Amino acid sequence: MDITQHTPTVFSTTDNKQVEKHLSLNKVGHALHWLVPEFRSVSFSDKVKTAARQLGFASPAVVQSMYIFKQPGIGGEVTPHKDCTFLSTEPQSCIGLWFALEDVTLENGCLWYIPGSQKTPTSRRFIRNDDKSGDLTCFTAPPDPVDAAKYVALPVKKGTLVLIDGQVDHKSERNCSPHSRHIYTFHVIERHNTLWDPRNWLQPTPAMPFTGLYENEL
Ligand SMILES: O=C(O)CCC(=O)C(=O)O
Ligand SMILES: [Fe+2]
């Protein structure tokens, strides 16, 4: 989809600022790694496969991907979470590969994380809601209490790859600066000797299976 081909439209945002449609996008997901050749070639590149081997993955699959724009002035926060809340396996195995496509600073909404927090498991899950009369998805529990003072900022230069342990607490703030913060991120899980949680909000389908990282050549 090339939204720049659409007639630019002016939107009001919650801050009562007006921006063109293509500058108001928050994120695009969740199958860029498969459907968009440019993202596919990065996600299934030899460098990524080598990184996965070095991390000890035996049979990794890419389960989802996102482009997050964090637009100047209006880019929203990403609230504190562990990725395993959304992409749970038993045992946990998720790793995020987060690529800075621009310089990422304190001002434009860098990642923050709590060192060591990957050692504290969570039972909080984001699942498909069995109650069909309500929302399609829901959390199984409120956020776990964490000491907000323990968050450490992670400003990085354009081109940096950040590996995010699926159990580490992380977040990012709003972007109130005049500079965008574009990133590409995708998540890999281990299939060997693990079980994908059947309650996860995201489930593979015949049309969109979880794609094996090592098996897929460019
Ligand atoms: O880019 C961000 O602000 C958060 C991204 C994230 O949570 C992730 O890649 O797991
Ligand atoms: Fe995350």
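Everything below is about the structure printed above this text.
All values reported here derive from a predicted model rather than from experimental measurement.

Draft legend 1. Structural context of the overall build of the chain. Each helix and strand in the chain was counted, giving 3 helices and 16 strands. Taking 2.2 N^0.38 as the reference for a compact globule, 218 residues should give roughly 17 Å; the C-alpha atoms of the chain span a radius of gyration of 18 Å, in line with that estimate. For the C-alpha atoms alone, the extent of the chain along its principal axes is close to 50 × 45 × 45 Å. Relative to its 218 residues, the chain shows a buried fraction of 43%. When the 22 positive and 23 negative side-chain charges of the chain are each reduced to one mean point, those points stand 1 Å apart.

Draft legend 2. Region of the structure containing the coordination of the iron ion (ligand 2). Looking at the metal site, the iron ion (ligand 2) is ligated by H81 (NE2), D83 (OD) and H170 (NE2), spaced 2.1 Å from it. Within one chain, the residues donating to the iron ion (ligand 2) are spaced in sequence as H-x1-D-x86-H. Here H81 is found in strand β5 (residues 78-81), whereas its partner H170 is found in strand β13 (residues 170-172), with 89 residues between them in sequence. Assigned by exposure class, H81 and H170 land together as buried.

Draft legend 3. Structural context of a nonpolar patch on the surface. Side chains of L55, L161 and L163 sit close together on the surface and give an oily, nonpolar patch of about 240 Å² of accessible area. Checked against the element boundaries, L161 lands in strand β12 (residues 161-165). Exposure remark for L161: the relative accessible area of 35% places this residue in the partly exposed category.

Draft legend 4. Here's a closer look at the site of ligand 1. Residues in contact with ligand 1, as listed here, are I68, V78, H81, D83, W98, L111, H170, S172, R181, I183, T185 and H187. Within the contact set of ligand 1, an oxygen atom lies 3.1 Å away from a side-chain nitrogen or oxygen of D83. The contact in question runs from an oxygen atom of ligand 1 to an N or O atom on the side chain of H187, over 3.1 Å. Among the secondary structure elements, those contributing two or more residues to the shell around ligand 1 are β5, β13 and β14 (183-190). It is β14 that provides the largest number of residues to the shell around ligand 1, a total of 3 residues. Tallied by class, the residues present in the shell around ligand 1 amount to 5 nonpolar, 5 polar and 2 charged.

Draft legend 5. Inspection of the sheet that holds β5 at higher detail. Taken in spatial order, the 4 strands line up as β5-β13-β8-β11 in an open sheet, and their pairing is antiparallel. Only two strands of the sheet have a single neighbouring strand rather than two, namely β5 and β11 (152-154). In this sheet, neighbouring strand axes are inclined to one another by 25° on average, regardless of whether the strands run parallel or antiparallel. Note: strand β8 (residues 111-113) against β13, 3 bridges, orientation antiparallel. What sits directly across from Y113, in β13, is H170.

Draft legend 6. Structural view of the state of the cysteines. For the coordinates displayed, the defined rule picks out 0 disulfides. As a non-bridged cysteine, C110 has C176 as the owner of its nearest cysteine sulfur, 13 Å distant. Residue classification places C176 among the exposed positions, given a relative accessible area of 57%.

Draft legend 7. The arrangement of unusual backbone geometry in detail. Omega for the peptide link from G29 to H30 comes to 5°, which places this bond in the cis form. Note on placement: H30 falls in strand β3 (residues 27-30). Of note, the amide linkage connecting E90 to P91 takes the cis form, showing an omega dihedral of -5°. Checked against the element boundaries, P91 lands in the loop between β6 (89-90) and β7 (95-100). For K70, which is not a glycine, the phi torsion comes out positive at approximately 40°. Checked against the element boundaries, K70 lands in the loop between β4 (60-68) and β5. Even without being glycine, N193 reaches a positive phi, approximately 60°. Classification of N193 by relative accessible area gives exposed; the value is 67%.

Cut-offs used in this document
All residue numbers here refer to positions counted from 1 along the written sequence of the relevant chain. Naming scheme: in the order in which they are written, chains are lettered from A and ligands are numbered from 1. Selection of residues for local features in this predicted model requires a pLDDT of at least 70, selection of side-chain atom pairs for listing and counting requires 80 or more, and totals for whole chains, interfaces and linings are taken over all residues. The basis for the side-chain values is all heavy atoms of the structure; hydrogens and waters are excluded. Think of it this way: any DSSP run of H or I at least four residues long counts as a helix, any run of E at least two long counts as a strand, and we number them from the N terminus. Computation of the radius of gyration draws on C-alpha atoms, with the globule rule given as 2.2 Å multiplied by the number of residues to the power 0.38. Buried, partly exposed and exposed residues are distinguished by accessible area as a fraction of the type maximum, computed with a 1.4 Å probe on protein chains only: under 20%, between the cut-offs, and over 50%, respectively. The sign given to each residue is positive for Lys and Arg and negative for Asp and Glu; His and the chain ends receive no count. Working definition for charges: the position is that of NZ of Lys, CZ of Arg, CG of Asp or CD of Glu. Nitrogen, oxygen and sulfur within 2.8 Å of a metal are treated as its donors, or within 3.2 Å for sodium, potassium and calcium (Na, K, Ca); water is not counted, so a site can appear incomplete. Here a patch means residues that are over 30% exposed by relative accessible area and free of salt bridges, tied together within 9 Å if like-charged and within 5 Å if nonpolar (Val, Leu, Ile, Met, Phe, Trp, Tyr). Per-residue accessibility takes into account occlusion by the displayed protein chains alone, with areas from the Shrake-Rupley method and a 1.4 Å probe. When a carboxyl oxygen of Asp or Glu lies within 4 Å of a side-chain nitrogen of Lys or Arg, that pair is called a salt bridge. One heavy atom suffices: a residue is near a molecule or strand as soon as one of its heavy atoms comes within 4 Å of it. Any pair of N or O atoms that falls within 3.5 Å is considered a polar contact. Within protein, one atom must be able to donate a hydrogen and the other to accept it, and sequence-neighbouring residues count only if both atoms are side-chain atoms. Under the convention adopted here, Pro, Cys and the residues Ala, Val, Leu, Ile, Met, Phe, Trp and Tyr are nonpolar, Asp, Glu, Lys and Arg are charged, and Gly plus all remaining residues are polar. DSSP-based pairing: two strands are paired if at least 2 bridges between them are found. Working convention: axes come from line fits to C-alpha atoms, limited for helices to the stretch in contact. Angles between N-to-C directions cover 0 to 180 degrees. Pairs of cysteine sulfur atoms within 2.5 Å are what we label disulfides.

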